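# Architecture and fold: a report
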Amino acid sequence: MAMARASSGLQYPKRFYAAASYVGFDGSNSPTKTLTSKFPKSTALLLYSLYQQASVGPCNIPEPSTWKIVEHSKWASWNQLGNMSSTEAMRLFVKILEEEDPGWYSRASNSVAEPVIDVQMNYNSKVEPVIENGNTYPETKTISYENGRQVETQDKDVVVDGFGSVEVYDQWIAPPVSGQRPKARYEHGAAVVQDKLYIYGGNHNGRYLSDLHVLDLRSWTWSKVEAKAGDESPTTLNPCAGHSLIAWGNKLLSIAGHTKDPSESIQAKEFDLQTATWSTLKTYGKAPISRGGQSVTLVGNSLVIFGGQDAKRTLLNDLHILDLETMTWDEIDAVSGAPPSPRSDHSAAVHVERYLLIFGGGSHATCYNDLHVLDLQTMEWSRPTQQGEIPTPRAGHAGVTVGESWFIVGGGDNKSGASETVVLNMSTLAWSVVTSVQGRVSVASESLSLVVSSYDGEDVLVSFGGYNGRYNNEVYVLKPSHKSTLQSKIIENSIPDSVDAAPNATNATNATRDLESEFGAGHEGKVWEISVDNAEPTKSKGDLLSVLKAEKEELESSLSKEKLHTLQLKQELADAESSNSDLYKELQSIRGQLAAEQSRCFKLEVEVAELGQKLQTFGTLQKELELLQRQKAASEQAALNARQRQGSGSVWGWLAGTPPNPNADDE
């Protein structure tokens with residue numbers, strides 16, 4: 001067991017003053033010459049402008065002449081900082097210095113002696129230098145013991161040391177933790193409250209857990225939280241995995257998760273940190289079905305739940321919102337656009353309290369690396385184009401946001417774990433790789449946890465647990481540099497050493513550097529841009545004006561084209577609306593004609609029915625007429641026969657001497 005000496009470090013503003021004195025702002029020499037002798041000229045310009053912002057405030061001096069190239073460069077760089085606060089400028093000044101010169105503090109002539117803290121370390125470590133391209137980097141050779149045998153792993157991207165004394169950024173560090181470590185696990189929940197990391201539940205070898213542990217991020221000491229009996233005592237608290245742990249004030253909210261005996265709907269539990277008691281949250285409305293592997297994102301006073309996998313292993317892509325003030329569930333059905341495909345073990349983040357980002361995740365057969373964005377105001381899904389070094393497909397990764405940067409760690413694709421730590425700028429949607437690890441390190445594992453906290457005034461990422469062929473309970477920490485949170489990469493070009501630079505200098509003096517302030521970005525996503533636009537010494541004032549005029553004309557031409565295009569679109573819209581109105585009127589007319597025709601058809605049907613009845617009556621009358629005609633014919637025939645007989649009788653009577661009947665004709 002080794003002893004590590006950890007430095008506590010100076011606090012602000014003393015740390016800033018020590019850094020400023022180290023780089024030359026001590027009044028003894030010209031700060032410009034001192035800066036340019038120690039740092040690249042673009043970095044020197046940044047440090048100068050940040051020092052002015054921190055010590056003087058926002059730039060309010062008149063703009064120097066463009067012929068005074070250095071003075072104009074200083075003014076432009078300082079002026080671009082706008083209303084950045086003095087505290088932000090101090091911290092950014094120190095951040096840049098520590099990245100450019102990691103050992104500055106130990107070499108500072110007027111540094112204050114720091115107290116030394118002895119920290120127990122539970123493992124042996126040996127740091128050996130690695131030389132790459134002429135530069136020396138520390139490589140860690142960690143010697144650990146597994147099953148009684150010595151195991152050596154080498155990883156030049158993971159440093160095992162006391163965290164306070166580490167002077168590197170964008171590298172994973174194993175801090176010297178002490179106390180009783182939690183059981184190794186994955187699919188657990190993690191949250192930070194007041195510099196304390198809480199770990200709850202998880203999965204170890206297929207067994208769900210229900211224990212709660214806390215890591216003090218100041219002393220790096222583990223301890224187990226013994227929950228007291230409340231509405232839901234520890235003995236009746238169902239072990240779970242695949243849940244989400246959210247910090248809400250002085251409480252921890254456990255949302256969803258897989259359990260041995262799953263319920264029909266999502267279970268929401270609350271742990272009160274003051275009373276150390278668990279209780280079940282009473283919610284209203286229709287709760288979502290139970291699930292695990294979902295994403296739960298805190299947006300204002302609401303939790304946004306997306307996707308996951310239910311107890312029957314059915315993948316989901318539904319969207320639900322829990323209002324934490326009214327504790328009411330709301331299922332969002334009326335969402336336009338194409339939502340992400342059903343998935344679980346993805347990651348989610350919110351940008352400027354409006355846009356919900358969903359990245360990666362997996363189904364039963366494949367993993368994804370797609371990015372989806374939901375506008376929480378219009379409730380519209382979109383799938384924007386990703387830029388930069390797009391990560392490989394993965395599921396089971398963890399993510400956390402720092403300003404406009406979304407860091408993604410771990411995960412895998414069912415074949416191998418993701419070894420690189422990547423970051424997405426949520427404004428530009430550009431990916432970049434922060435660092436990469438080698439070997440069996442827990443940050444390259446599945447279903448680990450990742451949180452963001454602060455240490456010595458700086459943001460730090462803290463990972464715990466995961467599964468990469470074995471269950472882990474290690475803690476790793478990464479201090480992101482300002483480069484990790486830049487909106488765009490730094491472009492470094494040289495600037496003249498002094499105002500008296502030779503007019504025939506051949507080096508360009510343009511230098512642009514965009515910085516995102518960790519305070520200035522905030523919820524509004526504001527980015528501080530520090531830019532210097534200088535004229536080349538070899539160009540005359542007329543040439544510069546010509547270039548600016550040409551650029552102005554080009555911009556005006558583009559603006560005119562856009563205006564013309566806008567007018568065309570407006571005209572097309574007006575034509576479409578007019579055509580739509582005409583079509584509507586025509587439709588109404590056709591509907592009126594159709595109604596009239598329908599009425600006419602009904603009348604015709606009535607008339608046809610009446611004619612049918614008349615035809616039936618006519619047939620009956622015709623039959624009666626025919627009968628009468630037959631009867632008449634029979635009567636006429638009978639009369640004719642009678643007359644004929646009568647006629648025959650008269651002749652024979654005459655011959656016989658019988659006189660004729662005088663009334664025969666009357667009959």
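Above this text sits the structure in question.
Rules behind the numbers
Residues numbered from 1 in each chain as written. Predicted model: local features only at pLDDT ≥ 70, side-chain atom pairs only at ≥ 80, totals over all residues. Heavy atoms only, no water. Core = buried A, V, L, I, M, F, W, Y, C linked by side-chain atoms within 4.5 Å. Buried < 20%, exposed > 50% of the residue type's maximum accessible area, 1.4 Å probe, protein only. Helix = DSSP H or I, 4+ residues; strand = E, 2+ residues; numbered from the N terminus. Contact = heavy atoms within 4.5 Å. Expected span 1.5 Å × (residues − 1). Pairing = 2+ DSSP bridges. Axes fitted to C-alpha atoms, helices over the stretch in contact; angles between N-to-C directions. Parallel < 35°, antiparallel > 145°, perpendicular 65-115°, else oblique. Left-handed = near helix turned anticlockwise from the far one by under 90°.

Attention now moves to the nonpolar core. The biggest cluster of nonpolar side chains holds 31 residues, and the ones touching the most others in it are Phe16, Val23, Phe25, Leu35, Leu50 and Phe93. Looking at this core, the elements with two or more residues in it are helix H1 (14–23), helix H3 (41–55), helix H4 (69–79), helix H5 (86–100) and helix H6 (104–107). Each residue touching Leu35, except ones within four places of it in the same chain, is listed here: Val23, Phe25, Ala44, Leu47 and Tyr48. Core analysis: the second largest hydrophobic core is formed by 18 residues, Trp172, Val402, Val443 and Tyr476 among them.

Turning next to H3. Along its 15 residues, H3 runs 21 Å from first to last C-alpha, staying within 8% of the 21 Å computed at 1.5 Å per residue. By the criterion of burial, H3 is predominantly enclosed, with 13 of the 15 residues buried. Positive backbone phi, at 115°, marks Gly57, one or two positions downstream of H3.

On to the sheet that holds strand S24 (residues 380–382). An order of S21-S22-S23-S24 is seen for the four strands of this open sheet, with the pairing classed as antiparallel. The sheet terminates laterally at strand S21 (347–351) and S24, the two strands that pair on one side only. With direction set aside, neighbouring strand axes in the sheet form an average angle of 20°. The pairing of strand S22 (residues 355–359) with strand S23 (residues 371–375) spans five bridges and is antiparallel.

Below, the discussion takes up the packing of H3 against H5. Put simply, H3 and H5 touch, their axes get as near as 8 Å, and they point 155° apart. In terms of orientation, H3 and H5 fall into the roughly antiparallel class. Once H3 is placed against H5, the crossing between them reads as left-handed. Residues Thr43, Leu46, Leu47, Leu50, Tyr51, Gln53 and Ala54 of H3 lie in contact with H5, whose contacting residues are Ser86, Ala89, Met90, Leu92, Phe93, Ile96, Leu97 and Glu100.

Looking at where Leu273 falls in the secondary structure, it is placed in the loop between strand S15 (268–272) and strand S16 (277–280). Excluding its chain neighbours within four sequence positions, the residues that come into contact with Leu273 are Val193, Tyr198, Asn250, Lys251 and Leu252.

The subject of this paragraph is the pairing of strand S10 (residues 196–204). Along any regular strand the residues' side chains alternate between the sheet's two faces. Most of S10 sits out of view: seven of its nine residues are buried. Both strand S9 (residues 189–192) and S10 contribute to a ladder of four bridges, which runs antiparallel. In the strand pairing of S10, Ala191 is matched with Tyr198. Joining the antiparallel neighbours S9 and S10 is a turn of three residues, in which Gln194 adopts a positive phi near 50°. Relative to strand S11 (residues 207–216), S10 runs antiparallel, the two sharing eight bridges. Bridged to Lys196 within S11 is Asp216.

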